[in-house]
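So you can see what is in the structure, the chains are spelled out below.
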Amino acid sequence: MVKRREPTARQVRLATELRRLREAAGFNSRQAAELLGVAPAQITHIESALAGVSEQRVRRLASHYACTDEEFVDALVAMATERSTGWWEEYRGLLPTSFLDLSELEHHARFLRHVAILYVPGLLQTEDYSRAVFSARLPELTAEELELRIQHRKGRQRFVIPYEAVIHEAALRIRVGDRDTSRAQLTRLLELSEAEHITVRVIPFDLDGFADASSTMTYVGGPLPKLDTVVRDALHGSAFIDSEAQLNTYRTTLLKVEAASLDPGQSRDFIHRLAKEF
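Residues numbered from 1 in each chain as written. Predicted model: local features only at pLDDT ≥ 70, side-chain atom pairs only at ≥ 80, totals over all residues. Heavy atoms only, no water.

What to know about the overall build of the chain
Within the chain, the regular secondary structure consists of 12 helices and six strands. Looking at the chain residue by residue over its 278 residues, the buried ones come to 47%. Partitioning the intrachain contacts of the chain with sequence separation of at least 6 by distance along the chain shows that 73% fall at a separation of at least 24. Looking at the chain as shown, the accessible area adds up to about 14,300 Å², and 50% of this sits on carbon and sulfur atoms. Looking at charge distribution, the chain has the averaged site of its 36 positive side-chain charges lying 3 Å from that of its 40 negative ones. (Helix = DSSP H or I, 4+ residues; strand = E, 2+ residues; numbered from the N terminus. Buried < 20%, exposed > 50% of the residue type's maximum accessible area, 1.4 Å probe, protein only. Contact = heavy atoms within 4.5 Å. Areas by Shrake-Rupley, 256 points an atom, 1.4 Å probe, with all protein chains shown as cover. Lys, Arg positive; Asp, Glu negative; His and termini not counted. Charge placed at Lys NZ, Arg CZ, Asp CG, Glu CD.)

Spelled out as structure tokens, the structure:
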């Protein structure tokens, strides 16, 4: 068995779900290993995403763990058996792993929902806006690192799944770069908001309910609700949250944020007026 050197976020999620199933069934690692006829260390490696697992073993474990949710088991099998290489792999070793994990997560998502407070969401940014954001990073990026991040972000923007962004007025008014960059970004938002798969909503300063939208987050819809993920920006990369209790909290937060925002038509009008100010 060859151990993985750098498991992806998707592989880690599969490992986490298999561990959760085992623990819910009341088995320890030794007992799970006996079910498969392997050494306990192999279960540890599987549940740490350091080793892969076959479809047959996923189904055997799920059966022994008394998991009767066939859709969930099928989703785990799909995670275990996929062998395709995503476009983001060309950046492996060139960008932080969190960049690649986010790309992989978005690639397999059924839908995306984003709450933005200080910056326009990356998936909706113009190249100049992205360049200004990355250029403000400390420590300063080299020219090569900057270009890699910009090209990677442009790759992420080729999504076609349903996407909803709720953007606070602060993010629309803060000048990232110069006045022309900000105006062009607002114009781009208006263009993208007309796309069938993209919804843009705005929370104005003078609208009640902002306390429920106090931080940036991305909600990533999985093949089933129990495989959803919340992505939060952290100091050294993205943090992926997937426990059911926390997911339920963020689902509630999204409903409150949406209720505190303008509808899509009103949001377009708001952005249009703001663009004129620039």
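Focus: the side chain of E164
Within the secondary structure, E164 sits in strand β2 (residues 163–168). A relative accessible area of 16% means that E164 is categorised as buried. Among residues more than four places away in sequence, those in contact with E164 are L112, R113, H114, T199, R201 and E258.

Description of the environment of V38
You can see V38 is positioned in the loop between α2 (29–36) and α3 (40–47). Taking the C-alpha atoms as reference points, V38 and L146, 108 residues apart in sequence, are found 47 Å from one another. Dropping the residues within four chain positions of it, V38 is found in contact with A33, I43 and R57.

Regarding helix α8 (residues 143–156)
The end-to-end C-alpha distance of α8 is 20 Å, a good match for the 20 Å that 14 residues give at a rise of 1.5 Å each. All of the buried residues in α8 are L146, L148, R149, I150, H152, R153, G155 and R156. Looking at the buried residues of α8, the elements they touch are α6 (97–107) and α7 (127–135). (Expected span 1.5 Å × (residues − 1).)

Some details on the pattern of salt bridges
Going through the model one piece at a time under the given rule, you end up with 26 salt bridges. As a salt-bridge pair, K226 and D69 come within 3.4 Å of each other at their nearest N and O atoms. Taken together, the residues K226 in the loop between β4 (217–221) and β5 (229–234) and D69 in the loop between α4 (55–64) and α5 (70–81) connect sequence positions 157 residues apart. D69 sits in the partly exposed class, given a relative accessible area of 27%. A salt bridge links R113 to E164; the shortest N-O distance between them is 3.8 Å. (Salt bridge = Lys/Arg side-chain N within 4 Å of Asp/Glu carboxyl O.)

Describing the packing of α4 against α5
Viewed as axis vectors pointing N to C, α4 and α5 meet at an angle of 150 degrees, and their least axial separation amounts to 9 Å. By the angle between their directions, the pair α4 and α5 is classed as roughly antiparallel. Crossing geometry of α4 relative to α5 is assigned as right-handed. Contacts from E55, V58, R59 and A62 in α4 reach V73, D74, L76, V77, A80 and T81 in α5. (Axes fitted to C-alpha atoms, helices over the stretch in contact; angles between N-to-C directions. Parallel < 35°, antiparallel > 145°, perpendicular 65-115°, else oblique. Left-handed = near helix turned anticlockwise from the far one by under 90°.)

Focus: the nonpolar core
Counting 33 residues, the largest nonpolar core has L124, Y163, I167, L172, L186, L189 and I271 as the members making the most contacts within it. Breaking this core down by element, the ones donating at least two residues are α6, β1 (111–116), α7, β2, α9 (169–173), α10 (179–193), β3 (198–203) and α12 (264–277). The contact partners of L124, leaving out residues within four places of it in the chain, are Q157, Y163, A165, Q185, R188, L189, L192, I198 and V200. (Core = buried A, V, L, I, M, F, W, Y, C linked by side-chain atoms within 4.5 Å.)

Regarding the pairing of β3
The buried fraction of β3 is high, at five of six residues. With six bridges connecting them, β2 and β3 associate as parallel partners. Bridge assignment links H168 to a residue of β3, and that residue is I203. (Pairing = 2+ DSSP bridges.)

What about the packing of aromatic side chains?
Within the structure shown, the criterion is met by five aromatic pairs. Pairing F111 with Y219 gives two aromatic rings, centres 6.2 Å apart and planes at 10 degrees, and the pair type is stacked. Of this pair, F111 sits in strand β1 while Y219 sits in strand β4, placing them 108 residues apart in sequence. Given a relative accessible area of 29%, F111 falls into the partly exposed group. Assessed through its relative accessible area of 3%, Y219 is described here as buried. Seen in terms of ring centroids, F159 and Y163 are 5.2 Å apart; in terms of plane orientation they differ by 50 degrees. Their pairing is tilted. An aromatic cluster is present here, built from W87, W88 and Y91 joined pairwise through their rings. (Phe/Tyr/Trp six-rings, centres within 6.5 Å; stacked < 30°, edge-to-face > 60°.)

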